[in-house]
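Residue-level structural notes
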Amino acid sequence: MNLIFIGDVHGQFRKLNELFDHIAFDESKPPIDTKLVFVGDLIDNSLSADTGYIELLTTVKRLVDNGLAHCIMGNHEFNAVGWATKNVKTGEWLRPHNVNNAMQHQDFLHEVGDGSEIHQYWIDWFRTLPLFIDFEEVRVVHACWQQVSIDILDKYTNSNNQLKRRHWQLAFDKKEELHQIIEVLLKGPEIELPAGNNFKDKTGITRKHIRSKWWLPNANTYREIAQVQPDSVHLIPNINVENEQIHEQQTMPTFVGHYTLNNLPDILSKNVVCVDYNAAKGENPLVAYIWQGETELTNDHFAFVSIDNG
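Everything in this summary refers to the structure shown in the same document. Everything numeric here is computed off the predicted structure, so don't read it as measured data.

Helix and strand content of the chain: 9 helices and 13 strands. Taken over C-alpha atoms, the radius of gyration comes to 19 Å for the chain, in line with the 19 Å a tight globule of 310 residues would show. Dimensions of the chain, computed from C-alpha atoms along their principal axes, come out at roughly 55 × 50 × 40 Å. Taking all 310 residues of the chain together, the buried fraction comes to 53%. Looking at the chain alone, contacts between residues at least 24 apart form 64% of all its contacts between residues at least 6 apart. For the chain, the accessible surface area stands at approximately 14900 Å², while carbon and sulfur atoms represent 48% of it.

Strand order in this open sheet of 5 strands is S3-S2-S1-S12-S13, and the pairing throughout is mixed. For this open sheet the edge positions go to strand S3 (69-71) and strand S13 (302-303), each flanked by a neighbour on one side alone. As paired strands, strand S1 (residues 2-6) and strand S2 (residues 34-38) are joined by 5 bridges and run parallel to one another. Considered in S2, the bridge of isoleucine 6 is made with phenylalanine 38.

Interaxial distance between helix H4 (residues 99-112) and helix H5 (residues 117-127) falls to 8 Å at its minimum, and their mutual angle equals 125°. Taken together, the axes of H4 and H5 lie oblique to each other. Judged by residue contacts, Phe108, Leu109 and Val112 of H4 engage Ile118, His119, Trp122 and Phe126 from H5. Here the residues of the contact of H4 with H5 sort into 6 nonpolar, 1 polar and no charged.

This next bit is on the pattern of salt bridges. If the charged atoms of two oppositely charged side chains come close together, the side chains can form a pair. Overall, the coordinates contain 8 salt bridges when judged by the stated rule. Across the salt bridge formed by lysine 61 and aspartate 65, the nearest N and O atoms sit 2.8 Å from each other. Here lysine 61 and its partner aspartate 65 are both found in helix H2 (residues 53-65), 4 residues apart, which amounts to about one turn of the helix. Between glutamate 183 and lysine 187 there is a salt bridge, with the nearest N and O atoms lying 3.0 Å from each other. You can see glutamate 183 and its partner lysine 187 sitting in helix H8 (residues 177-187), 4 residues apart, about one turn around the helix. For lysine 187, a relative accessible area of 18% corresponds to the buried category.

Moving on: the layout of surface pockets. One simple way to see leftover space: roll a probe sized like a water molecule over the atoms. Taken as a whole, the second largest pocket spans an internal volume of roughly 220 Å³. Taken together, 16 residues make up the lining of the second largest pocket; nearest its centre are Val64, His70, Cys71, Pro130 and Ile133. Going through the elements one at a time, S3 and strand S4 (132-134) are the ones with two or more residues in the lining of the second largest pocket. With 3 residues, S3 is the single largest residue contributor to the lining of the second largest pocket. Per-class residue counts for the lining of the second largest pocket are 8 nonpolar, 7 polar and 1 charged.

Among the nonpolar cores identified, the biggest contains 84 residues, and Ile6, Phe38, Leu42 and Phe126 are the most heavily contacted of them. With 6 residues, H8 is the single largest residue contributor to this core. Not counting the four nearest positions on each side in its chain, leucine 42 is found in contact with Val9, His10, Gly11, Tyr53, Leu56, Leu57, Val60, Cys71, Glu77 and Trp125. Counting residues in hydrophobic clusters, the runner-up holds 11 residues, among them Ile191, Phe199, Ile225 and Val241.

Turning our attention to the pairing of S2. Extensive coverage of S2 is indicated by the burial of 4 of its 5 residues. Handedness of the crossover is the feature at issue here: the chain leaves S1, passes through helix H1 (residues 13-22), returns alongside S2, and the resulting connection is right-handed.

Taken as a whole and assessed by the stated rule, the structure comprises 16 aromatic pairs. Measuring from centroid to centroid gives 5.5 Å for tryptophan 214 and tryptophan 215, while their planes differ by 80°, and the two rings are edge-to-face. Judged by its relative accessible area of 1%, tryptophan 214 is buried. Taken together, a centroid distance of 5.4 Å and an interplanar angle of 90° make the contact between tyrosine 289 and phenylalanine 302 edge-to-face. Placement of tyrosine 289 in strand S12 (residues 288-291) and of phenylalanine 302 in strand S13 is noted, with a sequence separation of 13 residues between them. Of the two residues examined, tyrosine 289 and phenylalanine 302, each falls in the buried class. When the ring centre of tryptophan 93 is taken as reference, the NZ or CZ atom of lysine 86 above it lies at 4.9 Å. Its end group placed over the ring of tryptophan 168, arginine 127 keeps NZ or CZ at 5.5 Å from the ring centre.

Cut-offs used in this document
Residues numbered from 1 in each chain as written. Predicted model: local features only at pLDDT ≥ 70, side-chain atom pairs only at ≥ 80, totals over all residues. Heavy atoms only, no water. Helix = DSSP H or I, 4+ residues; strand = E, 2+ residues; numbered from the N terminus. Rg over C-alpha atoms; globule rule 2.2 N^0.38 Å. Buried < 20%, exposed > 50% of the residue type's maximum accessible area, 1.4 Å probe, protein only. Contact = heavy atoms within 4.5 Å. Areas by Shrake-Rupley, 256 points an atom, 1.4 Å probe, with all protein chains shown as cover. Pairing = 2+ DSSP bridges. Axes fitted to C-alpha atoms, helices over the stretch in contact; angles between N-to-C directions. Parallel < 35°, antiparallel > 145°, perpendicular 65-115°, else oblique. Nonpolar A, V, L, I, M, F, W, Y, C, P; charged D, E, K, R; others polar. Salt bridge = Lys/Arg side-chain N within 4 Å of Asp/Glu carboxyl O. 1 Å grid on protein atoms, 1.4 Å probe; cavity = no way out; pocket = protein on both sides within 12 Å on 5 of 7 lines; lining within 4 Å. Points joined across faces, edges and corners; volume = space filled by probe spheres on them. Core = buried A, V, L, I, M, F, W, Y, C linked by side-chain atoms within 4.5 Å. Right-handed = clockwise from strand over helix to strand, strands pointing away. Phe/Tyr/Trp six-rings, centres within 6.5 Å; stacked < 30°, edge-to-face > 60°. Lys NZ or Arg CZ within 6 Å of the ring centre and 35° of its normal.

So this is what it looks like as structure tokens:
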């Protein structure tokens, strides 16, 4: 079975249709030996005439329901559930309705209507999305495959890797084990910088932690392991990381999204591919990787529509 891993769409329905045309995927005449795999983050974007959330979600859900696709949960679907769900003890929203969170989520809410029936319909669907899928020969998770976290997660999920409904409250409690696991799987592991070191992210916020390149187990310094915007790399100290912060070797082809990478698609390592190349903005392409059973990943299997190749 071939699998086509599709990056973070973020409401870009036009780009998804263009990608389907480019890879010759016809829903009415689907190939019998191929399935699509959406890596999460179907929603949220800046206000744009190009976004079409209801069309996009309806299409993806139909493909999943008809056995033509899989879709896993991204951090934006996870956050959307928290936005629409109240803490049973305090009555507060699991994801606070503050200015920053509202700004991230406003485009989706504007289209579906905050608190409407259609909004709740999609929230209920988001709850059913698996946190990861292990296809045995290849696997997919939104941001990071960390085996120790996957193993612990088993007690919180059903046989389809869907979070059990009774555990959603714990998932948003920062003191809980489940919250920490989901942070790693859906956002990526963080490493604290040595004392006295920090940098400003793309929004101007000062950070003392970095997302780490967990796919590079042999990286030795904070600068080598830091997954930050290119113009921030020089701000990360070029000193050795502590041994306990080195990550496990990935032994199986693993696909992720989440990281809004730049430039032409390029494998992260021989066993890890990210298919998120910031399709949310401008003419950045929606990227896919067509996996055909290879055990060592290659740049030759990326597929995308660019301005140059139409």
